[in-house]
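What follows is each chain in one-letter form.
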Amino acid sequence: MIQFEKALSLIDSIVKLTSKKELVSIENALDRVVAKNYKAKHDSPKFNCSSMDGIVINEIDLRKFKKFKLVGECKAGQIKSEEIQNGEAKLIYTGGPIQGKKKKLIIIKENCEFIEDNFVKINSYLTSDYIRKRGSDFEKNDICIKKQSILNIRSWSL
């Protein structure tokens, strides 16, 4: 048996890196070596969005109101959502957009009591805002897959 370092040296002397590049389909790319860096074309997420199902309210309203009027909903896949006014809330689903100038909070649905037809009462809440911030996974032009990395199901350089 030979020493590990000697084995590596032997492999390095026999195996030569090639400058040859080829284009392969994604289906055939598993375990292939990447020829160049790949940068993100956009931020991810592209906008602030909810990380939980629940309701969205203006943070400042939390101390002012006991119940909130439901005025709509924010669904995953939507790109925009209208601003909510004081005392208002919207149902929000995981991935739903959060927009507007006022700071928002997501109150998870398990902490809400839906009363009457269009009102919701907050029974409790946690200090987390449950908001995934724009670009929190990666930002535009970040290198997401590095040159010389081997592609696998977890190829991610961040």
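Being a predicted model, the structure only gives us computed values, none of them experimental.

## Focus: the overall build of the chain
A count of helices and strands for the chain gives one helix and 10 strands. The helix and strand sequence of the chain, counted from the amino end, reads α-β-β-β-β-β-β-β-β-β-β. In terms of C-alpha radius of gyration, the chain reaches 25 Å, well past the compact-globule figure of 15 Å for 158 residues. Dimensions of the chain, computed from the C-alpha atoms along their principal axes, are close to 75 × 35 × 25 Å. In the chain, which comprises 158 residues, the share counted as buried stands at 28%. Considering only intrachain contacts with a sequence separation of at least 6, the fraction spanning at least 24 residues in the chain is 65%. Charge-centre separation for the chain: the mean point of 30 positive side chains lies 6 Å from the mean point of 21 negative side chains.

## Thoughts on the side chain of Lys90
Relative to the assigned elements, Lys90 resides in strand S5 (residues 88-92). Among buried Asp, Glu, Lys and Arg side chains, Lys90 stands out as unpaired, with Glu82 the closest opposite charge at 6.6 Å. In terms of polar contacts, Lys90 uses its side chain to reach the backbone carbonyl oxygen of Glu82, at 2.9 Å. In contact with Lys90, other than residues within four places in its own chain, are Gly54, Ile55, Val56, Leu70, Val71, Gly72, Glu73, Cys74, Ser81, Glu82 and Ile84.

## Some words on the pattern of salt bridges
This model, assessed by the stated rule, comprises eight salt bridges. Note that Arg32 and Glu22 form a salt bridge whose closest N and O atoms lie 2.3 Å from each other. Linking Arg32 in the loop between helix H1 (4-14) and strand S1 (38-39) with Glu22 in the loop between H1 and S1, this pair joins segments that are 10 residues apart in sequence. We note a salt bridge from Glu83 to Lys104, for which the minimum N-O separation is 2.6 Å. In this pair, Glu83 is assigned in the loop between strand S4 (67-74) and S5 and Lys104 in strand S6 (residues 104-108), connecting sequence segments 21 residues apart. For Glu83, a relative accessible area of 27% puts it in the partly exposed group. When its relative accessible area of 5% is taken as the criterion, Lys104 is described as buried.

## Focus on the side chain of Asp61
Here Asp61 shows up in the loop between strand S3 (54-58) and S4. At a separation of 2.9 Å, a polar atom in the side chain of Asp61 contacts the main-chain amide nitrogen of Gly87.

## A word on the sheet that holds S4
Backbone hydrogen bonds hold the strands of a sheet together, and the pairing may be parallel or antiparallel. Spatially, the six strands line up as an open sheet ordered S6-S3-S5-S4-S8-S7, and their pairing is mixed. Both edges of this open sheet fall to S6 and strand S7 (112-115), since each of them pairs with a single strand only. Direction aside, neighbouring strands of the sheet carry axes that sit 40° apart on average. Pairing of S7 with strand S8 (residues 119-122) involves four bridges; the strand directions are antiparallel.

## Quick word on the packing of aromatic side chains
For the coordinates displayed, the defined rule picks out one aromatic pair. Residue placement shows Lys67 over the ring face of Phe119; its charged tip is 4.7 Å from the ring centre.

Reading the values: the criteria
- Residues numbered from 1 in each chain as written.
- Predicted model: local features only at pLDDT ≥ 70, side-chain atom pairs only at ≥ 80, totals over all residues.
- Heavy atoms only, no water.
- Helix = DSSP H or I, 4+ residues; strand = E, 2+ residues; numbered from the N terminus.
- Rg over C-alpha atoms; globule rule 2.2 N^0.38 Å.
- Buried < 20%, exposed > 50% of the residue type's maximum accessible area, 1.4 Å probe, protein only.
- Contact = heavy atoms within 4.5 Å.
- Lys, Arg positive; Asp, Glu negative; His and termini not counted.
- Charge placed at Lys NZ, Arg CZ, Asp CG, Glu CD.
- Salt bridge = Lys/Arg side-chain N within 4 Å of Asp/Glu carboxyl O.
- Polar contact = N/O pair within 3.5 Å; in protein donor to acceptor, adjacent residues only side chain to side chain.
- Pairing = 2+ DSSP bridges.
- Axes fitted to C-alpha atoms, helices over the stretch in contact; angles between N-to-C directions.
- Phe/Tyr/Trp six-rings, centres within 6.5 Å; stacked < 30°, edge-to-face > 60°.
- Lys NZ or Arg CZ within 6 Å of the ring centre and 35° of its normal.

So, to be careful, I would describe these as geometric facts and stop short of saying anything about function.
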